[in-house]
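Descriptive analysis of the structure
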Amino acid sequence: MALVPRRPLSVRGALKLLFGAVDYAASEADPEPAKRRSGFRLLRGGRPADEERPTVTELYHAHRLGLVRMALLLVDRQDVAEDVVQEAFTALFQKHGERLDGLDNALGYLRTSVLNGARSALRRRRTAREYVPPHEADAPSAEDHAVLNDEHRRVVVALRELTDRQREVLVLRYWSDLSEAQIAETLGLSRGAVKSTASRALDALEKQLEKAR
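Residues numbered from 1 in each chain as written. Predicted model: local features only at pLDDT ≥ 70, side-chain atom pairs only at ≥ 80, totals over all residues. Heavy atoms only, no water.

This part is about helix H8 (residues 164-175). Relative to the 16 Å expected for twelve residues at 1.5 Å per residue, H8 spans 16 Å between its end C-alpha atoms, a close match to the ideal helical length. Asp177 occupies a position one or two residues after H8 and carries a positive phi of about 60 degrees. (Helix = DSSP H or I, 4+ residues; strand = E, 2+ residues; numbered from the N terminus. Expected span 1.5 Å × (residues − 1).)

In structure tokens form, the structure reads like this:
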């Protein structure tokens, strides 16, 4: 049987693949995708006034995987991403309790915690590399492939070549679906800086994908 050549990924196609169609991996683990999407609406602060506030436990079971994917896009390692998300949920529970009293935007809190946790993990990794000789990276584990398939991982490789800030902007924009204003608030930037960073990030991502063709 003749092999079909792999079609090159455009930047838009890559972002759609990585950020828009990423739910494929949750199909078996999450039998109620519509309910999960509704939960994301709750997390983003869009909860109707008459709808009950979700608990930490409910948020954890419904949305941990999505946050792990977000963290994985930032830190590139499944075990580190798991730890970052676990710490974010722990901090959420310790500060606001199981019922999330006084907190209307749980995702905003979790997203910021995951972002800060990822930054800390990357700083520790860079510090360690200053003292430890470089070594060949371990092969992707079965858990890695449960989160991202081969095509997704090809885009992740391209994302690794971006700066931390460029990667953060793309993840927040296309995975977390934030507006420029929300990204600016999360990262402490101006909207103009977010827009220019996103533009440079897309250009750089396109170049990296061209190299991989």
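On we go from here.
This paragraph deals with the side chain of Arg111. Following the sequence through the fold, Arg111 ends up in helix H5 (residues 106-129). Of the buried charged residues, Arg111 lacks a salt bridge, with Glu185 as the closest side chain of opposite charge at 7.4 Å. The contacts of Arg111, once residues within four sequence positions are left out, are Met70, Leu172, Ser176, Leu178 and Thr186. (Buried < 20%, exposed > 50% of the residue type's maximum accessible area, 1.4 Å probe, protein only. Lys, Arg positive; Asp, Glu negative; His and termini not counted. Salt bridge = Lys/Arg side-chain N within 4 Å of Asp/Glu carboxyl O. Contact = heavy atoms within 4.5 Å.)

Attention shifts here to the environment of Gln86. Relative to the assigned elements, Gln86 resides in helix H4 (residues 78-96). Polar side-chain contacts of Gln86 include one of 3.2 Å to the side chain of Tyr60. (Polar contact = N/O pair within 3.5 Å; in protein donor to acceptor, adjacent residues only side chain to side chain.)

Turning our attention to the environment of Ala71. By the element assignment, Ala71 lies in helix H3 (residues 56-75). A residue is classified by how much of its surface remains accessible, and Ala71, at 0% relative accessible area, is buried. Linking Ala71 and Val114, residues 43 residues apart in sequence, is a C-alpha distance of 6.5 Å. What Ala71 contacts, discounting residues up to four positions off in sequence, is Asp76, Ala81, Val84, Val85 and Val114.

So, about the packing of H3 against H4. Where H3 contacts H4, the axes come no closer than 8 Å and their chain directions differ by 140 degrees. By the angle between their directions, the pair H3 and H4 is classed as oblique. The way H3 lies across H4 gives a crossing that is right-handed. Listed contacts from H4 to Val56, Leu59, Tyr60, Arg64, Leu67, Val68, Ala71, Leu72 and Val75 of H3 are Gln78, Val80, Ala81, Glu82, Val84, Val85, Gln86, Phe89, Leu92 and Phe93. (Axes fitted to C-alpha atoms, helices over the stretch in contact; angles between N-to-C directions. Parallel < 35°, antiparallel > 145°, perpendicular 65-115°, else oblique. Left-handed = near helix turned anticlockwise from the far one by under 90°.)

Counting residues in each nonpolar core, the largest one holds 48 residues, and the members touching the most others are Val75, Phe89, Leu92 and Leu205. The set of elements that each furnish at least two residues to this core consists of helix H1 (11-20), H3, H4, H5, helix H7 (150-160), H8, helix H9 (180-187) and helix H10 (191-212). At ten residues, H3 tops the list of elements feeding residues into this core. (Core = buried A, V, L, I, M, F, W, Y, C linked by side-chain atoms within 4.5 Å.)

We now examine the pattern of salt bridges. Considering all chains together, one arrives at eight salt bridges under this definition. The residue Asp164 makes a salt bridge to Arg167 at a minimum N-O spacing of 2.8 Å. With a gap of three residues between them, Asp164 and Arg167 both fall in helix H8, about one helical turn apart. Residue classification places Asp164 among the partly exposed residues on the basis of a relative accessible area of 25%. Residue Arg167 is classed as buried on the basis of its relative accessible area of 5%. Measuring nitrogen to oxygen at the nearest pair gives 3.8 Å for the salt bridge that ties Asp177 to Arg173. The exposure class assigned to Arg173 is partly exposed, which follows from its relative accessible area of 34%. Members of the salt-bridge network, linked through shared partners, are Arg119, Arg165 and Glu168.

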